[in-house]
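Working through the structure, step by step
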Amino acid sequence: MAIFDTLYAIWSFFATYVLQQAPYMVGFLTLLGYCLMGKKWYDTLAGTLKAIIGMLILGAGSSGLTSTFRPILAGLKDRFNLTACVIDPYYGQNAVTAGVEETFGKGFSQAMTLLLIAFIVNILLVRFNKITKCRTLFTTGHVQVQQAATAYWLIMFALPGLLSNNVALIIVMAVILGAYWAVGSNLTVKPMQELSEGAGFAIAHQQMFGIRLSYFLSDKLFGDKGGKRKVKKVGEMEMPGFFSIFSENMVCTAILMTIFFGIIMAIIGKPFFVETGAMAETMNFGFYCFNTSLNFAVYLAILQLGVRTFVTELTASFQGIADKLLPSSIPGVDCAVCFGFGDSNAVTFGFLAGLAGQILAILILIVTGSPTIIICGFVPVFFDNATIGLVANEKGGLKACLVIPFFSGLIQVFGAAFIAGWVGLASYGGYLGMFDWDTVWPAFTVVMRYLGYFGVALVVIVLLAIPQIEYMMDKKGYFLITEDYDAYVEHKQGRA
């Protein structure tokens with residue numbers, strides 16, 4: 001019993017402070033990779049610390065962006081007296097925590113068991129990638145926690161017959177979620193390798209299917225068609241006169257955020273921000289609005305610093321894991337990593353286009369009397385659409401960067417309004433609300449709800465078929481893109 005208690009205590013510590021903490025999850029993987037590579041202890045220590053610190057910097061930037069925006073969200077809700085559902089991963093996780101026992105009679109702790117088993121499923125799918133064709137390990141721990149919570153709710157809603165059998169319930173959930181992690185992040189390999197010119201990472205976040213869809217649509221609808229169509233990218237725009245200041249990322253972000261959020265905060269009014277403690281009564285409101293808007297540029301710069309700090313260590317150390325345990329694989333990381341590649345202004349343009357789409361969709365919900373009114377959250381509107389816009393710009397230029405994120409914004413609101421209202425999460429004030437969870441997961445939920453166990457099998461089969469189809473489309477280049485990117489480029493040019 002003493003040995004069992006000790007092992008359980010070790011596992012509990014690891015699950016709580018490593019698996020559920022993204023910086024230490026990345027640090028652990030970096031440590032493991034360098035150990036497998038046989039690096040000297042001081043190099044291993046330095047690399048591990050840099051990876052952890054880089055992720056902490058990234059987290060500080062993400063938290064700063066979120067905390068800056070949330071008072072504005074609260075003000076919109078208070079000013080217009082809206083009882084609404086906030087689409088935000090943290091609001092969504094809180095909604096599950098608050099309502100899962102009342103709605104399903106289950107504890108939230110089971111969602112963490114789901115996370116562990118789903119992660120093991122992901123590892124196995126990647127380990128046997130010659131059969132499964134899955135090349136990416138989902139390493140973003142905080143996203144895994146958010147997704148495990150929402151998947152926990154959606155699958156219990158879809159399969160109420162499993163509520164009396166905890167083991168069967170967790171196994172079904174873990175297979176679906178683990179397959180989604182492996183297949184979804186795998187879909188981003190090609191877009192990210194081409195965007196970063198072989199940096200050796202994929203995206204493991206909330207918009208993985210959205211990234212691949214953006215890659216496909218921007219190429220087909222806006223691409224150069226083999227040189228037949230001129231594609232003007234965001235960074236290639238000739239900006240006359242004063243508009244050229246938008247070529248500087250920080251300046252562009254600062255100006256656009258000041259205009260947009262300054263108007264919103266002016267509409268909300270100073271009394272609200274004073275009452276909620278966001279600002280002091282004696283503070284000048286105009287200066288408060290200006291300073292708050294500039295913070296968006298500050299936190300975006302912090303995000304980019306975090307990326308540069310940790311991504312090199314993680315991808316280098318992951319080679320040790322890949323060579324020893326997961327051959328022909330690369331790590332799936334936070335979507336903010338890709339902001340350090342491509343055209344940085346496409347991040348801002350994608351965000352604003354997605355925001356415009358979300359606002360239009362919210363107005364349509366209000367006008368049509370929707371029972372579920374969505375309040376846009378900064379995490380979906382920024383991280384989804386900025387990433388999608390960045391990918392769209394690389395393949396289809398400025399037009400793609402504006403059009404595709406705009407429709408993404410529409411989809412985020414309409415999809416979230418449907419699924420959050422239907423499954424009951426809206427009544428607890430939040431839903432995860434990011435692209436895949438407004439498209440792919442609502443589809444999963446509908447299929448499983450009405451087809452039962454056959455629906456479960458259908459979802460898993462479709463997921464596992466996706467990498468097989470992708471492999472069949474380019475057998476030689478499929479693994480080459482992760483093993484030798486330069487050789488892949490030559491292969492691609494030969495196929496053109």
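Residues numbered from 1 in each chain as written. Predicted model: local features only at pLDDT ≥ 70, side-chain atom pairs only at ≥ 80, totals over all residues. Heavy atoms only, no water.

**Topic: the overall build of the chain**
Within the chain one finds 18 helices and six strands. Buried positions account for 55% of the 496 residues belonging to the chain. Contacts spanning at least 24 positions in sequence make up 78% of the contacts within the chain whose residues lie at least 6 apart. Only carbon and sulfur atoms are counted for the fraction: they give 66% of the accessible area of the chain, which is about 20,600 Å². (Helix = DSSP H or I, 4+ residues; strand = E, 2+ residues; numbered from the N terminus. Buried < 20%, exposed > 50% of the residue type's maximum accessible area, 1.4 Å probe, protein only. Contact = heavy atoms within 4.5 Å. Areas by Shrake-Rupley, 256 points an atom, 1.4 Å probe, with all protein chains shown as cover.)

**What to know about the nonpolar core**
In terms of nonpolar packing, the biggest core is built from 127 residues, with L177, F339, F382 and W441 touching the most fellow members. Element by element, the count of residues in this core is highest for helix 15 (residues 378-423), at 17 residues. One finds V189, A202, I481 and Y485 within the second-largest nonpolar core, a separate group that totals seven residues. (Core = buried A, V, L, I, M, F, W, Y, C linked by side-chain atoms within 4.5 Å.)

**Brief notes about the packing of helix 8 (residues 166-187) against helix 9 (residues 189-196)**
Following both chains from N to C, one finds helix 8 and helix 9 inclined at 35 degrees, their axes separated by 5 Å at the closest point. Facing helix 8, whose interface residues are S185, N186 and L187, helix 9 presents V189, K190 and P191. Here the contact of helix 8 with helix 9 is composed, by residue class, of three nonpolar, two polar and one charged. (Axes fitted to C-alpha atoms, helices over the stretch in contact; angles between N-to-C directions. Nonpolar A, V, L, I, M, F, W, Y, C, P; charged D, E, K, R; others polar.)

**Some details on the pattern of salt bridges**
What the rule picks out here adds up to five salt bridges. Measuring nitrogen to oxygen at the nearest pair gives 3.0 Å for the salt bridge that ties E194 to K492. Within this pair, whereas E194 is found in helix 9, its partner K492 is found in helix 18 (residues 485-495), the two being separated by 298 residues in sequence. Residue classification places E194 among the buried positions, given a relative accessible area of 15%. In this structure, the salt-bridge partner of E394 is K233, at a minimum N-O distance of 3.8 Å. Of this pair, E394 sits in helix 15 while K233 sits in the loop between helix 10 (208-222) and helix 11 (249-268), placing them 161 residues apart in sequence. Taking relative accessible area as the criterion, E394 reaches 25% and is therefore assigned partly exposed. The structure contains a network of salt bridges with shared partners spanning R135, R212 and E470. (Salt bridge = Lys/Arg side-chain N within 4 Å of Asp/Glu carboxyl O.)

**What about a nonpolar patch on the surface?**
A grouping of W41, Y42, L45, L49 and I53 is seen on the molecular surface, where their side chains present a nonpolar patch of about 560 Å² in accessible area. Here L49 is to be found in helix 3 (residues 41-79). (Patch = residues over 30% accessible without salt bridge, like charges linked within 9 Å, V, L, I, M, F, W, Y side chains within 5 Å.)

**Observations regarding the sheet that holds strand 6 (residues 430-431)**
On the basis of which strands lie adjacent, the open sheet formed by three strands has the order 5-1-6 and parallel pairing. Where the open sheet ends on each side, the last strands, each with one partner, are strand 5 (374-376) and strand 6. Pairing geometry for strand 1 (residues 85-87) and strand 6, over two bridges, is parallel. Each bridged residue has a counterpart across the sheet, and for I87 the counterpart in strand 6 is Y431. (Pairing = 2+ DSSP bridges.)

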